[in-house]
Amino acid sequence: MNKYSILFIITILISGLNATAQEDNRFFPEKDLITTGIYYYPEHWNENQWERDIKKISGMGYEFVHLAEFAWFKMEPREGKFDFDWLDKVIRLCARYNLKVLMCTPSATTPAWMRTQYPETFVMDGHYIRAEHGTRGLGSIVNPVYRKFVATIVTEMARRYGQNKNVIGWQLDNEPDAKPDYSPSSQEAFRQWLKNKYKTIEALNAAWGAAFWSQWYSDFDQIIIPNTSLVGWWGNNPHALLDFKRYLADAQAEFLDFEATTLRSYISKAQFVTTNYTAVSTGADPRRTNKLDFATYTAYPNGGTDNIGEQGFRLGNSKVILFAAEYYKMAGGVSGVMEIQPGPVNWGNYNPLLLPGTVRMWLYHAFAAGGKLACSYRFRQINYSAEQYHAGVIQPDGITPSQGGEEYMQFIKEMKELRKQYKPGVAMPATLAARSTAVLWNLENYWTIDRQKQTSQWDTWNYPVKFLEIAKSFGAPVDVVPETADLSKYRFVIVPAYEMADGALVKKWSEYVANGGHLIITCRTATKDRMGHFWEAEWAAPISALIGAQVKATDMLSNNGKGEILMGSAHYSWNNWGDLLAPDKGTETLAVFDNQFYKGKAAVVKHKVGKGTVTYIGVDTDDSKLERDVLRGIYDGAGADTENYPPGIYVYWRDGFYVAVNYSSDSYTMDMPETANIIVGEKTLQPGGVLVWKLPSYIKN
Ligand code: GAL
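The structure displayed is predicted, hence computed values, not measured ones.

Our next topic: the overall build of the protein. The secondary structure content of the protein amounts to 20 helices and 26 strands. Considered along the principal axes of its C-alpha atoms, the protein spans approximately 80 × 75 × 45 Å. Residues classed as buried in the protein amount to 61% of the 701 residues present. In the protein, 72% of the contacts between residues at least 6 apart in sequence involve partners at least 24 apart. Surface exposure of the protein reaches about 27,000 Å², of which carbon and sulfur atoms provide 52%. Within the protein, the 76 negative side-chain charges are centred at a point lying 4 Å from the centre of the 72 positive side-chain charges.

A few words on unusual backbone geometry. In the segment running from Tyr377 into Arg378, the intervening peptide bond is cis, with an omega of 10°. Positionally, Arg378 belongs in the loop between strand E8 (373-376) and helix H14 (403-421). One non-glycine residue, Ser385, adopts positive backbone phi at about 75°. When you line up the elements, Ser385 lands in the loop between E8 and H14.

The next point concerns the pairing of strand E14 (residues 563-567). Burial along E14 is one-sided: Gly563, Ile565 and Met567 are buried, and none of Glu564 and Leu566, which face the opposite way, are. Both E14 and strand E15 (residues 570-574) contribute to a ladder of 5 bridges, which runs antiparallel. Among the inter-strand pairings, Leu566 is bridged to a residue of E15, identified as His571. As consecutive antiparallel partners, E14 and E15 are separated by 2 residues, and within that stretch Gly568 has a phi angle of approximately 60°, a positive value. The sheet contact formed by E14 and strand E17 (residues 588-593) spans 2 bridges and is antiparallel. Across the sheet, Ile565 pairs through a bridge with Phe593, a residue of E17.

The subject of this paragraph is the environment of Tyr446. The topology assignment puts Tyr446 in helix H16 (residues 443-451). On the basis of relative accessibility, which here comes to 12%, the residue Tyr446 falls in the buried class. Each C-alpha atom of the pair Tyr446 and Thr282 lies 7.6 Å from the other, and the pair is 164 residues apart in sequence. Beyond its immediate stretch of four places on either side in the chain, Tyr446 contacts Thr282, Trp441, Thr460 and Trp461.

It is worth spelling out the sheet that holds strand E6 (residues 296-299) at this point. The strand order around the closed barrel built from 8 strands is E1-E2-E3-E4-E5-E6-E7-E8, with neighbouring strands paired in parallel fashion. Between one strand and the next, the sheet's axes are offset by a mean angle of 30°, whatever the strand orientation. Direction of pairing for E6 relative to strand E7 (residues 337-340): parallel, over a ladder of 3 bridges. Looking at the pairing, Ala299 lines up with Ile340 of E7.

What follows covers the sheet that holds strand E24 (residues 677-680). If you walk across this open sheet you meet the 4 strands as E21-E22-E26-E24, and the pairing is antiparallel. Pairing within the sheet leaves two strands with one partner each, and these edge strands are strand E21 (649-654) and E24. Along the sheet, successive strands turn relative to each other by an average axial angle of 25°, direction set aside. Strand contacts of helix H13 (residues 358-368): E21, strand E22 (657-662), E24 and strand E26 (690-694), with the helix running at about 140° to E22, the strand carrying the most contacts. Sheet strands touched by H14: E22, E24 and E26. Its angle to E24, the strand with the most contacts, is close to 145°.

What follows concerns the packing of helix H10 (residues 238-264) against H16. Between H10 and H16, the least distance of the axes is 10 Å, while the angle of their chain directions is 145°. In the packing of H10 onto H16, the handedness of the crossing is right-handed. Of the residues in H16, those touching H10 at Pro238, Leu241, Leu242, Lys245, Arg246 and Ala249 are Glu444, Trp447, Thr448 and Arg451. Residue classes in the contact of H10 with H16 are distributed as 5 nonpolar, 1 polar and 4 charged.

A word on the site of the ligand. Neighbouring residues of the ligand: Phe70, Arg136, Asn174, Glu175, Tyr300, Glu339, Trp347, Tyr377, Glu387 and His390. Residue Glu387 places a side-chain N or O atom 2.5 Å away from an oxygen atom belonging to the ligand. For the ligand, the protein covers 93% of the area, taking 310 Å² as the surface of the free molecule. When each cavity is represented as a set of grid points, the ligand is found to reside in the largest pocket. In terms of residue class, the shell around the ligand is made up of 4 nonpolar, 2 polar and 4 charged.

Here we come to the pattern of salt bridges. By the definition in use, this model includes 33 salt bridges. For the salt bridge of Glu326 with Lys329, the shortest nitrogen-to-oxygen distance reads 2.9 Å. Since its relative accessible area comes to 12%, Lys329 is described here as buried. For Lys528, the salt bridge identified is with Glu499, shortest N-O distance 3.7 Å. With Lys528 in the loop between strand E12 (518-522) and helix H19 (544-547) and Glu499 in the loop between strand E11 (492-495) and helix H18 (503-514), this pair connects stretches of sequence that are 29 residues apart. The exposure class of Lys528 is buried, given its relative accessible area of 4%.

The next thing to look at is the nonpolar core. Of all hydrophobic cores here, the largest spans 196 residues; its most connected members are Met103, Trp208 and Trp509. Top contributing element to this core by residue count: H10, with 12 residues. Residue-level mapping places this core at the junction of two domains, with at least three residues from each of domain 1 (435-637) and domain 2 (649-694). Each residue touching Trp208, except ones within four places of it in the same chain, is listed here: Phe190, Leu194, Tyr198, Tyr217, Ile223, Asn237, His239, Ala240, Asp243 and Met531.

This part takes up the side chain of Lys694. As for its placement among the helices and strands, Lys694 is situated in strand E26. Despite its burial, Lys694 remains without a salt bridge, the nearest opposite charge being carried by Glu417 at 9.1 Å. A polar contact of 2.4 Å, which involves the side chain of Lys694, links it to the backbone oxygen of Gln421. Those residues in contact with Lys694 that lie beyond four places of it in its chain are Gln421, Lys423, Gly656, Phe657, Ala676, Asn677 and Ile679.

Estimated volume of the largest pocket: approximately 1,300 Å³. Along the wall of the largest pocket there are 50 residues; nearest its centre are Phe70, Arg136, Asn174, Tyr377 and Glu387. Every element with two or more residues in the lining of the largest pocket is listed here: helix H3 (72-75), E6, helix H12 (319-327) and helix H17 (462-473). Among the elements that take part in the lining of the largest pocket, H12 stands out by supplying 3 residues, more than any other. Looking at the lining of the largest pocket residue by residue, the classes come out as 23 nonpolar, 18 polar and 9 charged.

Bringing the domain arrangement of the protein into the picture now. The domain architecture assigned to the protein consists of domain 1 (435-637) and domain 2 (649-694). Distance between the C-alpha centres of domain 1 and domain 2: 32 Å.

With that settled, consider the pairing of strand E16 (residues 577-583). Across the 7 residues that make up E16, a large majority, 5, are buried. Note: strand E13 (residues 549-555) against E16, 6 bridges, orientation antiparallel. When the sheet's bridge partners are listed, Asp555 is paired in E16 with Gly578. Sheet topology note: the E16/strand E20 (residues 619-620) ladder contains 2 bridges and is antiparallel. By the bridge assignment for E20, Gly578 is matched with Val619.

Scoring rules and cut-offs
Here the residue numbers are simple positions, counted from 1 along each chain's written sequence. With the structure being a predicted model, the display of local features is reserved for residues of pLDDT at least 70 and the display and counting of side-chain atom pairs for 80 or more, all residues being used for whole-chain, interface and lining totals. Just so you know, side-chain values use all the structure's heavy atoms and leave hydrogens and water out. Strands are runs of DSSP state E lasting at least 2 residues, helices are runs of H or I lasting at least 4, and numbering of each runs from the N terminus. To sort residues, take the accessible area from a 1.4 Å probe on protein chains only and compare it with the maximum for the residue type: under 20% means buried, over 50% means exposed, and anything in between is partly exposed. Here, two residues are considered to be in contact whenever any of their heavy atoms come within 4.5 Å of each other. Here the accessible surface of atoms and residues is derived via Shrake-Rupley with a 1.4 Å probe, and residues count as covered only by protein chains that are part of the display. Charged residues are defined narrowly, with Lys and Arg counted positive, Asp and Glu counted negative, and His plus the chain ends left uncounted. The atom standing in for a charge is NZ when the residue is Lys, CZ when it is Arg, CG when it is Asp and CD when it is Glu. Only strands joined by at least two bridges in the DSSP assignment are considered to pair. To get an axis, a line is fitted to the C-alpha atoms, and for a helix only the part in contact is used. The angle between two axes follows their N-to-C directions and goes from 0 to 180 degrees. In this scheme the handedness of a crossing depends on how the near helix is turned from the far one: anticlockwise by less than a right angle means left-handed, clockwise means right-handed. Following the grouping adopted for this structure description, the nonpolar residues are Ala, Val, Leu, Ile, Met, Phe, Trp, Tyr, Cys and Pro, the charged ones are Asp, Glu, Lys and Arg, and the polar ones are all others, Gly among them. By convention in this text, a residue qualifies as near a molecule or strand provided that one of its non-hydrogen atoms is within 4 Å of it. Polar contacts, as used here, are pairs of N or O atoms within 3.5 Å; protein pairs need one atom able to donate a hydrogen and one able to accept it. Residues neighboring in sequence count only if both atoms are side-chain atoms. Only protein atoms enter the 1 Å grid, on which a cavity is a set of points fitting a 1.4 Å probe that cannot get out and a pocket is an open set with protein on both sides within 12 Å along at least 5 of 7 lines, lining residues being those with an atom within 4 Å of a point. Each molecule is checked against the cavity or pocket grid, and it sits inside if more than half of its atoms lie within 2 Å of the grid points. The term salt bridge refers to a pairing of a side-chain nitrogen on Lys or Arg with a carboxyl oxygen on Asp or Glu at a separation within 4 Å. We call a set of buried residues a nonpolar core when its members are Ala, Val, Leu, Ile, Met, Phe, Trp, Tyr or Cys and they connect through side-chain atoms within 4.5 Å of each other. All domain edges in this entry derive from an automatic or database-based domain assignment. Grid points are joined across faces, edges and corners, and a volume is the space filled by probe spheres set on the points.

Next comes the structure, spelled out in structure tokens:
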């Protein structure tokens, strides 16, 4: 079938897929595509340079300035004494130079007076040592004194700037990370959290399996936070640790919601409230907040690692934006990148020059994935202090754009052109909609699996990401969604290592399949209940009927071990994880183990249920070849035409534009119709290259 001709009529509801690319958002009109901004810290510079800098920001084409993030010391120099005159001045300058302002609450860095007078406002580590003044992100977010001070400064800021027409929104705190806190305030808050959850100590004892090693409690007051620094990680109670993680994530979310609520009493509805999670956040959970308008992420793809090919160390890790750009849409439907690395950082294993074009490519990647804003940390490279070596978009002389700065300007210029070419209401092409894919993800599964990996070869964070990568290599539009999502929007749903499940969730999956969906479930799914206990039943019991097979046992091999798999006539190798499957009658065996003492046992099975299919992939391989071929078979079988993009080539469609980026070290020539209208770049993408094109409307692609 020719993918450039009218394919076939698929009656698929695409309205919800990548809804963000299709719907106008209250804060981000679709016609603007993406809005650009930059972090500026006036408090770091001589006042007589402020106007020069703001003028330069405007001249470079930026649309907003990110202010006040770490400036608590300047806004409240003494307890209860506020000074906003300096900030008023900067905001006026921004207005004069046609720049909007994104205001930030300063709760990540407290002023020195707080340390000396209220040391209890700091977290305690696992050795019960109190953090000190001098760095950031160390406030004890459950401490009532700290909370009182946060409420006061946020209220003062909201009163002052909440109705300012030039302020478009607020970022709360900085990179919230649900940091472990063993302080007395946190111990108390944890006990309260447990009481709310379990009501009775008996229920807690049962959930924690406290009969083991005499951990039994007779009263909530006996409980202290499970402390891996003292007791050791391996020997600690996994259920108690899971609850500690949940408590920390809940406390973090509640703290953000508390700041948001404080702001909302004063600010205009036109101002949005967001925060900037780290791209890979293993502690804070964006799904737990409910007072933010949306979530953003910070992206530092180049931290001195190898990546794809010999130039990969300059181009950065392609998975950073790939995952974060989708994941953070979970919180409010849209997302954007709040900090994008503007050049070498100061904290990587080593900090190489970026291949020319890299910053622009990252920006395009964030845009392609639906990003509504692209802001960068930071404007001027600082001449002093902890981040001296960290690039800015302006060099340490204060006036010369860095390589990243030049690329940012190019991106902004090109976006202006794209805005001109934007046409509202263009529906996603049918070829793409036919591949629509969701990857299901719940941070709690990361916590439990990473806690009990069972093999050091299990790569907990990258495991779900590998399925996102496979689907992207097919050219599929992929969303990362929570289990509460409406799955009927997707033709393919991938459930990677979803360790904790329950009957209701499995029922939802079954209904999805019965109605015609194609579900791909992988090893380590539904092996535990929501408290992390195994079922008192066969392995992965809740999904046996759905996958049409029983998981009989699991093998794992040494790093040098050679496990073999046969699928049709193709051979694959594995050594990370292998579930031995016993298929029911009527279940098709797609692949079998081809060596070891269980040679011939099923490793991958496919089960038809109602109008759809369920495929269970019991094996985790290093090179993903088996998983990729299995998935391709499923997409083909469902009539979805797939691409075969090599690693590091990502192609997206948004708002009528096709966008491709190249993170690999080789050039890549895009297969596209002759009539395609190239707007940015060339058909052959060089490493770090970008290509944007549109298809003429008569091609019903
Ligand atoms: C981010 C942080 C920024 C800045 C940056 C340096 O994680 O949010 O404030 O420190 O790292 O790379």
